[in-house]
Each structure stands twice: as C-alpha cells, then as structure tokens.
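Single-letter residue listing:
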Amino acid sequence: MSAILEVNNLKTTFHTGNGAVQAVRGVSFHLNEGEILGIVGESGSGKSVMSMSLIRLVAPTAKIEAGSILYKGKDISTYSARQLRSIRGKEIAMIFQDPMSSLNPVMTVGAQVAEMLSEHSRLSAKERKAQVIALFNRVRIPEAEKRYRQYPHELSGGMRQRVMMALALAMQPGILIADEPTTALDVTIQDQILKVMRQLQSELGTSILFITHDLAVVADLCSRVLVMYGGQIMEDASIDDIFARPLHPYTLGLMASIPSLEQEKATRLVPIPGSPPDMLNPPAGCPFAPRCPEAREICLENPAPLVDAGKGHHSRCWLLTEGARELDHPFRTVTDAMYRNRERTEDTL
Ligand SMILES: Nc1ncnc2c1ncn2[C@@H]1O[C@H](COP(=O)(O)OP(=O)(O)O)[C@@H](O)[C@H]1O
Ligand code: SF4
Ligand SMILES: [Mg+2]
C-alpha cells in the first residue's frame, strides 16, 4: 500500500501573551491510499491543531516550527499561502464537529454544494444540480430533491453533517479529514454517519483521517490508529493489534473507559484520573507521567523513546525499553498486562 500522506516531525506552537503553547511536538505518521486512519486522544491532546497544521489552517498566533508534510510525494509545508489555497478543499478537505460554522445560513444547502462544483468545473446549471443530487444520494440524504431547496437551519444535525460531507466530496479530494464529526450527534445518528464514512471509503476509495476522542468509534471504523497525548503520538498500530496487545498505559486507560455492552450506562465510563498537561509548560519527561499509575523516576525527567514492537506497532514508553523490568517500581496490574503484551511482542519480532 502506498502512502498518500507522510508527515515527519511536525511541530506547531502558539505564541501567546502567556508564553509558547507547544500544541504539537514532533508528530510523524503516514496515511495509506484508501485507508481510514483514526486519531484518538482526550480533549487537548493536539488532534485538531495537528490536523489543521497539515493545511496551515491554524490561528495567526500559531507557527509551524518544523516538519515536512508530503502529500502525494510533494512537500506542501513549503507551499506559499496561494499554493496552499489550491490544496485546501480540492486535495485535502475537512469536516468539523459543528457543520453550522461551515455552512452559509442564508443559502440553500443545494446551492452551496452546486457553487462548490461550479467554481471548479464547466457544468451547466442542470448538470450541476444533477451532480449535487447524486452527491446527496451518495451520503445517504433521503429526499434529496427536497433537501436541495432547504436552508441549513431546516435540517437536523445529522443531515447537516451529511451536507458537509457532500460539500467536501464535491471536489473529489485525495484526503478527507473528519475532526470529531459525530461528537455532537446522538448515538443512532453517529452510527449512520459512520456507515456513510465506511461506504465512501469502500465505494470511492477515499483516504480518511478520522479524529475522535472515542476509541470505540475508532475500533468500529478504522484500520489503523494513532493515539495522541500531550502533542505527541504515544502509540500507533493496526486496530487488530492495538486491541490484541495494547502497550501504552495511556492506551490501556482509554480502553478501560470504553463501555462494554453489559454495563449500565450510568456506570459506563471510567475516565483516567487527572487532567491533560498544560502545554504552556509540558512535563520534561513523558507527558503522561503525572497521571500514569506506572510512572518511574526516569519517566518524570526524560522523554520516553518510541519503541518498535513489530508489525508496524510502536509505543512511546520507558517500560518497553530494554532493562525496564529492573526499573524501580512495584509491579501493578497494568504493568503485568503490559509485560504479557510485551512477551507477545517478542514472539512477533
Ligand atoms: N488558538 C490557540 N491558542 C493557544 N493555544 C491553543 C489554541 N488552539 C489550541 N490550543 C492549545 O493546543 C493544545 C491542543 O489543542 P487541540 O488540538 O484543540 O486538542 P484536541 O483537538 O486534541 O482536543 C491544547 O493545549 C490547546 O489549549
Ligand atoms: S513512560 Fe513512564 S510515565 Fe510514560 S507511560 Fe510509560 S510508564 Fe507511564
Ligand atoms: Mg479537537
């Protein structure tokens, strides 16, 4: 499989009155042609800033300090503002949590999608309308003819998000970045949107970067996942592998907060105690150390290395390094699980 996007050592910092907010701190990953790659992490871990940095859609206070961003082999991080405008939407399209912020409230949704088409193709009005209806059908908007004439406020949240997908797809982009598109929607509607995502991937071969704070959604939708925390990737693996042998304490914490079917809704979530680091002043060592039940002294002082666990699985944790068993700390359940997984890793290598 070839990569449509390759990101190396991306760093984005906000220069604010209070100091430098290091939102993204050296992120590297690739997105394969036609795959759905999940990016998961709690709020504040840097998912949105990282993805918006890819097309430089960040606030003026933000500076992309380092990194290369290869889209179809070309480094778009060196592109001028004008060159980037020709990439945004057409090559790399984005949809967000709140579709209302991207839709024009005084224009029918059909006209908005048609306008997108007309900017970039020489179709007659009739052909444009037919294409918009076809797009609406593709994203499973029922009664497409009727919806065409409606305004955003006349549609439900789920329907607006589908219009956003139609708008994004109108340009036939190489990559669709979906930043928490289902977070504001109820579970049934969320399932419908995820189904449309899966169809886009299988029918059109769209490469999708799907951002969410919900590991259960990732498990359902994606073929691979990046786990982000404190502006860094903590673990990356295929979905099968990460559930078979999660290696990072943060990933284990996220997994513990996935509700199981038998559990009552009220008792479902076991969030990880504590809160994400202040990126104005991130910890010197592992960003998860203040919350990690397994933290050793070394973790507080020194950034953990990214350890290759085989099968394209990597984890940024001191406990996976050689000699970790000797690191001074009583073993706990999480560690025991990690060591079991590590032994499986050694079998794989
Ligand atoms: N405009 C901004 N100015 C300063 N800091 C920001 C700005 N936008 C985001 N941040 C900070 O960047 C970090 C990452 O944020 P974000 O990418 O939005 O997280 P996520 O999408 O994972 O919830 C957070 O610490 C956040 O406070
Ligand atoms: S490096 Fe240390 S603090 Fe960080 S996740 Fe691993 S054990 Fe926990
Ligand atoms: Mg976000």
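This write-up is about the structure you can find in this document. (Residues numbered from 1 in each chain as written. Chains lettered and ligands numbered in written order. Predicted model: local features only at pLDDT ≥ 70, side-chain atom pairs only at ≥ 80, totals over all residues. Heavy atoms only, no water.)

1. Points about the site of ligand 2
So, point 1. Residues in close proximity to ligand 2 include H248, P249, C286, A289, C292, E294, A295, C299, A304, C317, W318 and L319, which together make up its full environment.
So, point 2. Among the residues making up the shell around ligand 2, the classes are represented as 10 nonpolar, 1 polar and 1 charged. (Near = heavy atom within 4 Å. Nonpolar A, V, L, I, M, F, W, Y, C, P; charged D, E, K, R; others polar.)

2. Concerning the sheet that holds strand β7 (residues 175-179)
So, point 1. Taking strand neighbours across the sheet as the criterion, the 8 strands line up as β6-β7-β8-β3-β9-β10-β12-β11 in an open arrangement whose pairing is mixed. Each edge of the open sheet is held by one strand with a lone partner, namely β6 (92-95) and β11 (306-308). Direction aside, neighbouring strands of the sheet carry axes that sit 20° apart on average.
So, point 2. Inspection of the sheet shows β7 paired to strand β8 (residues 207-212) by 5 bridges, in the parallel sense. Bridging from a neighbouring strand, A178 pairs with F210 of β8.
So, point 3. Set on the sheet, helix α7 (residues 187-204) makes contact with β3 (36-40), β6, β7 and β8; between it and β8 the angle comes to about 155°.
So, point 4. Each of β3, β9 (224-229) and β10 (232-238) touches helix α10 (residues 249-256); the most contacted strand, β9, lies at about 105° to it. (Pairing = 2+ DSSP bridges. Helix = DSSP H or I, 4+ residues; strand = E, 2+ residues; numbered from the N terminus. Axes fitted to C-alpha atoms, helices over the stretch in contact; angles between N-to-C directions. Contact = heavy atoms within 4.5 Å.)

3. Some thoughts on α10
So, point 1. Burial analysis of α10 places 7 of its 8 residues in the buried class, which makes it a mostly covered element.
So, point 2. Turning to α10, its buried residues number three or more, namely P249, Y250, T251, L252, G253, L254 and M255. (Buried < 20%, exposed > 50% of the residue type's maximum accessible area, 1.4 Å probe, protein only.)

4. What about the packing of aromatic side chains?
To describe a pair of aromatic rings, one takes the distance between the centres and the angle between the planes.
So, point 1. Per the stated rule, a full pass over the model turns up 3 aromatic pairs.
So, point 2. Ring geometry for Y229 versus Y250: centroids 4.5 Å apart, planes at 45°, classification tilted. Note that Y229 is positioned in strand β9 and Y250 in helix α10, a separation of 21 residues in sequence.
So, point 3. Arranged with centres 5.1 Å apart and planes meeting at 65°, the rings of Y250 and F288 form a pair that is edge-to-face. Taken together, the residues span a long stretch of sequence, with Y250 in helix α10 and F288 in the loop between α10 and α11 (297-301) at a distance of 38 residues.
So, point 4. Taking the relative accessible area as the measure of exposure, Y250 reaches 0% and is therefore buried.
So, point 5. Through pairs of rings, three or more aromatic residues link up here, namely Y229, Y250 and F288.
So, point 6. For the cation-ring pair, K129 lies above Y148, with the distance from its terminal atom to the ring centre recorded as 4.9 Å. (Phe/Tyr/Trp six-rings, centres within 6.5 Å; stacked < 30°, edge-to-face > 60°. Lys NZ or Arg CZ within 6 Å of the ring centre and 35° of its normal.)

5. A closer look at the pattern of salt bridges
So, point 1. Inspection of the entire model under this criterion finds 13 salt bridges.
So, point 2. One salt bridge in this structure joins R198 and D220, with 3.2 Å as the shortest N-O distance. Of this pair, R198 sits in helix α7 while D220 sits in helix α8 (residues 215-221), and the two are 22 residues apart along the sequence.
So, point 3. One salt bridge connects D241 with R245, and the closest N-O pair in it is separated by 2.8 Å.
So, point 4. Taking relative accessible area as the criterion, D241 reaches 6% and is therefore assigned buried. (Salt bridge = Lys/Arg side-chain N within 4 Å of Asp/Glu carboxyl O.)

6. Thoughts on α7
So, point 1. When the terminal C-alpha atoms of α7 are compared, their 25 Å separation across 18 residues agrees well with the 26 Å that a helix rising 1.5 Å per residue should span.
So, point 2. For α7, the set of buried residues is Q190, I193, L194, V196, M197, Q199 and L200.
So, point 3. Measuring from the backbone nitrogen of T188 back to the side-chain oxygen at the start of α7 gives 3.2 Å, which picks out D186 as the cap.
So, point 4. One or two steps after α7, the chain reaches G205, where phi turns positive at roughly 70°. (Expected span 1.5 Å × (residues − 1). Polar contact = N/O pair within 3.5 Å; in protein donor to acceptor, adjacent residues only side chain to side chain.)

7. Overview of the nonpolar core
So, point 1. Formed by 60 residues in total, the largest nonpolar core has its most connected members in I95, V113, F136, M165, M197, F210 and Y250.
So, point 2. Aside from chain neighbours lying at most four places away, what touches V113 is V132, L135, F136, V163, A166, L167 and A170.
So, point 3. Judged by nonpolar contacts, the second largest core, of 32 residues, contains A23, I69, I76 and M94. (Core = buried A, V, L, I, M, F, W, Y, C linked by side-chain atoms within 4.5 Å.)

8. Focus: the site of ligand 1
So, point 1. Close to ligand 1 lie 13 residues, the nearest being G44, G46, K47, S48 and V49.
So, point 2. With respect to ligand 1, the backbone of G44 contributes an N or O atom lying 2.7 Å from an oxygen atom.
So, point 3. One of the side-chain nitrogen or oxygen atoms of S48 is found 2.8 Å away from an oxygen atom of ligand 1.
So, point 4. Burial of ligand 1 by the protein amounts to 67% of the accessible area it has alone, namely 560 Å².
So, point 5. Top element by residues in the shell around ligand 1 is helix α1 (residues 47-54). It accounts for 3 residues.
So, point 6. Here the residues of the shell around ligand 1 sort into 5 nonpolar, 6 polar and 2 charged. (Areas by Shrake-Rupley, 256 points an atom, 1.4 Å probe, with all protein chains shown as cover.)

9. Observations concerning the environment of N8
So, point 1. Mapped onto the fold, N8 is located in strand β1 (residues 3-16).
So, point 2. Considering only alpha carbons, one finds N8 and F29, 21 residues apart in sequence, at a separation of 6.7 Å.
So, point 3. Apart from residues no more than four positions distant in its own chain, N8 is found in contact with V27, S28, G67 and S68.

10. Remarks on the sheet that holds strand β2 (residues 19-32)
So, point 1. Reading across the sheet, the 4 strands line up as β2-β1-β4-β5 and stay open at both edges, with antiparallel pairing between neighbours. Single-partner strands in this sheet number two, and they are β2 and β5 (74-75).
So, point 2. Two elements, β1 and strand β4 (residues 62-71), share 8 bridges in a ladder whose sense is antiparallel. Residue pairing for β4: N8 is matched across the bridge by S68.

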